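Residues per chain are reported as follows:
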Amino acid sequence: MELIYYPNYTITPSLSTRNPKSRSRIFLQRSNTRSSPIRVAAASTVETTRNGAVSTASRSLTAKSIDSGSSSAMELLDIERGVCVPFRKYSPEAVRSKVLESRGAISSLLLRGVEIVWNLGLYWSNLVYDFLVGRDEEVVPYRARQLRNLLCDLGPSFIKAGQVLASRPDIIREDYMNELCILQDDVPPFPNQVAFSIIEEELGQPLEAVFSKISSRTIAAASLGQVYRATLRATGEDVAIKVQRPGIEPIIYRDLFLFRTLASFLNGISLQKLGCNAELIVDEFGEKLLEELDYTLEARNIEDFLENFKNDPTVKIPGVYRKLSGSRVLVMEWIDGIRCTNPQAIRDAGIDVNGFLTVGVSAALRQLLEFGLFHGDPHPGNIFAMQDGRIAYVDFGNVAVLSQQNKQILIDAVVHAVNEDYVEMANDFTRLGFLASGTDVAPIIPALEAIWQNSVGKGLSDFNFRTVTGKFNQLVYNYPIRIPERFSLVIRSLLTQEGICLTLQPDFKFLEVAYPYVAKRLLTDPNPALRERLIQVLFKDGVFQWKRLENLIVLAKENVTKMSSNPAFQAKDIQKSRNLQVAKKLELTDTIKDGARLFLTDQGIRRKLLLALTEDSKLHIEELVDVYRLVEDQIDIPSVTREVVRDIPTVIRDLMLSWSDSVLSDR
């Protein structure tokens, strides 16, 4: 049995040996990236993990306590995510307390409530009138624009809500989503003097003592803050200074309180349509919004991304100056690149567009499937193309975490799609939290099959996420499906990045880069879970798929070739050339070792492989030779042989254990 740790239970964390600073998240059984699962085997005490991430946990955390305490929306979110957030800023109780303790709270709430109800009520009455007179469909474009303008007028909380709705087909219909997609939080900046005063308050010293110069105009302005360019007096380095809008926190807290109050009256409808209560949706939104308000959390996010991409020469993450930053001011390294909002400038700069896009897709997939920590808002203004071919990210206020379990289910979904196993694809929806537990998936299976068949019917080269998402949105709108907030960010992230790719290069094929990456992961990643997925891909209905294995190898080699030829690799200093040399070919040593071990120790696998070599009453030597020819230039035979020989004692031990288990089971 597995248990999940929650923030309202007693957990005593110790500091990670890799970073002495306290983290905003705690992960048990941490892997080689910052975002790892927090599921551990049930026990009365959790001992210190190998890298010291967590020391002890309370004996009181039991399955019973989970069952009895999981009624609130926040606890449901924790159950879904499998991620522990022990120091979260948001909770309904904290929001309520903060709002009601302020002076004049009641009158402020009443006035704001009247403003919201009046404006939204007027808009709703117009929709009802359109329906009654039978013109509801023909005025949709106008009403969608009206909604976008209304959200802008109601302030930053509603602008953020509109941006969230733009990626939530489970809540609003697609034509409204398309209008809200153009909702930009590009708002007029607040005065420089106010911004400079906030910076000085956070620094505790005059501006001129820290910066030799600072831009007189903002570089960018958004609903929550604005950015300046400055130069550090001590080092002469250029930096970006992000400053929060004055007085915005009380406004956000007040609106969240009103949102949740309104949501409590809509729980019945939400449960019927989405399979969850409306308060949970507000809690998801509120949690992300308050995280964006705290720049110390954003600084930690930047450090996590720096750690994850530290050995990747194709990705640039700006450094953060922690000593100059606070909860309302964030000082970061200045990124000298071209924003993806200016495609022509990227082309004019002579940047290899295809190489840049390949790097971008690979970086996005690494965030999702390898690290489980991904940028939640990669719009063109937050992504830069650098002269040497690297991709650079900025604005890490909105990031999301996928647990190890969620990452594995996503990979399962890819495997099930490849195998056209639509029943398991539908079950993946339940495992990922799209459907409430116990929901009958039978009606969804034919719809999923139709969507996938129509999307890849002409081949993967014609596949695009926007087409699939449009069809998926119809499915979501017609069935009781709720898209969890983290997956709405995944969808938005993929759609946005595909849009950037198509803007820069209209004939770019997203999956032609994505599939080779997945193929390389399946073939080379030593993670036992991925080894299991590889076996699932290679066997369909008990029959070994020789052609599929060949395709995987070809695609994986293609990924390595594209990545290793990127200019960013050529520009890296010579000291790291040995590390880069490895990336120029597939590293299949561990895969071959694991395959040999499985063949010797796993009777089921051994039987399947022997059948694969002899099925259809013939020896498949030709197929075996074809596979060898594909990998012979990728492997060093003497080196692999040495590794296999070195692994013989382990194999013998596994054989003995397997034999003893079979003997004991027979008895």
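Presented here is a report on the structure given in the accompanying data block. Small disclaimer: the values here were computed from a predicted structure and weren't measured.

### Notes on the packing of helix α4 (residues 105-132) against helix α10 (residues 248-264)
For the pair α4 and α10, the least separation of the axes is 11 Å and the interaxial angle reads 65°. By crossing handedness, the relation of α4 to α10 is classed as right-handed. Touching S108, L109, R112, G113 and I116 of α4 are R254, D255, F257 and L258, all from α10. Here the contact of α4 with α10 is composed, by residue class, of 4 nonpolar, 2 polar and 3 charged.

### Remarks on the pattern of salt bridges
For the structure on display, the rule yields 25 salt bridges. The salt bridge involving R254 is made with D255; its shortest N-O contact spans 3.8 Å. A salt bridge links R260 to E279; the nearest nitrogen and oxygen atoms lie 3.4 Å apart. Separated by 19 residues along the polypeptide, R260 in helix α10 and E279 in helix α12 (residues 278-293) bring together distant segments of the chain. On the basis of relative accessible area, R260 is assigned to the buried category, the value being 18%.

### Notes on the environment of V418
In this fold, V418 is placed in helix α16 (residues 404-418). By relative accessible area, V418 is classed as partly exposed at 25%. It is 9.8 Å that separates the C-alpha atoms of V418 and R548, two residues lying 130 residues apart in sequence.

### What to know about unusual backbone geometry
Here the phi dihedral of D395 falls at roughly 65°; this positive angle occurs in a residue that is not glycine. D395 sits in the partly exposed class, given a relative accessible area of 25%.

### Looking at the sheet that holds strand β14 (residues 391-393)
Two pairing modes exist for strands in a sheet, parallel and antiparallel, and in both the strands are linked by backbone hydrogen bonds. Read from one edge to the other, the open sheet built from 4 strands follows the order β9-β14-β13-β11, with strand pairing classed as mixed. Two strands lie at the open edges of the sheet, namely β9 (315-316) and β11 (338-339), each paired on one side alone. Examined bridge by bridge, β11 and strand β13 (residues 383-385) share 2 bridges and lie antiparallel to one another. In the strand pairing of β13, R339 is matched with F384. In this fold helix α15 (residues 353-371) packs onto β9, β13 and β14, with an angle of close to 45° to the strand it touches most, β14.

### Considerations on helix α17 (residues 422-431)
Listing the buried residues of α17 in full gives Y422, M425, A426, D428 and F429. Seen end-on, α17 carries its buried residues on one side only, within an arc spanning 150°. At the C-terminal side of α17, G433 shows a positive phi close to 95°.

### A word on the pairing of strand β8 (residues 238-244)
Counting buried positions over the 7 residues of β8 gives 6, a clear majority of the element. Taken together, the 7 bridges between strand β7 (residues 225-232) and β8 define a ladder with antiparallel strand orientation. If you follow Q226 over to β8, its bridge partner there is V243. From the end of β7 to the start of β8, which pair antiparallel, there are 5 residues, and G236 there has a positive phi angle of about 80°.

### As for α4
End to end, α4 covers 39 Å across 28 residues, agreeing with the expected 40 Å (1.5 Å per residue, within 8%). Of the residues making up α4, those classed as buried are A105, L109, R112, G113, I116, Y123 and D130. Those residues of α4 hidden inside the fold are in contact with α3 (92-100), α5 (140-153), α6 (156-165), α7 (174-180) and α10.

How each quantity is defined
One numbering rule holds for all chains: residues counted from 1, following each sequence as written. Since the coordinates come from a predicted model, pLDDT governs what is reported: local features require at least 70, and pairs of side-chain atoms require 80 or more to be given and counted, while whole-chain, interface and lining totals use all residues. Water and hydrogen atoms play no part in the side-chain values, which are based on all heavy atoms of the structure. Fitted lines through C-alpha atoms serve as axes, helices being fitted only where they are in contact, and the angles separating the N-to-C directions of these axes extend from 0 to 180 degrees. The numbering of helices and of strands both runs from the N terminus, where a helix is a DSSP run of H or I of at least 4 residues and a strand a run of E of at least 2. Here is the rule for handedness: rotate from the far helix to the near one, and if that takes an anticlockwise turn smaller than a right angle the crossing is left-handed, while a clockwise turn gives right-handed. In this analysis, two residues are considered to be in contact whenever any of their non-hydrogen atoms come within 4.5 Å of each other. Here the nonpolar group is Ala, Val, Leu, Ile, Met, Phe, Trp, Tyr, Cys and Pro; Asp, Glu, Lys and Arg are the charged ones; every other residue, Gly included, is treated as polar. The working definition used for a salt bridge is a side-chain nitrogen of Lys or Arg within 4 Å of a carboxyl oxygen of Asp or Glu. Each residue's exposure class comes from its accessible area (1.4 Å probe, protein chains only) as a fraction of the maximum for that residue type: buried when under 20%, exposed when over 50%, partly exposed otherwise. Only strands joined by at least two bridges in the DSSP assignment are considered to pair. Directions pointing from the helix axis toward each C-beta atom define the arc. Between the first and last residue of a helix there are one fewer steps than residues, each counted as 1.5 Å, and that sum is the expected span.

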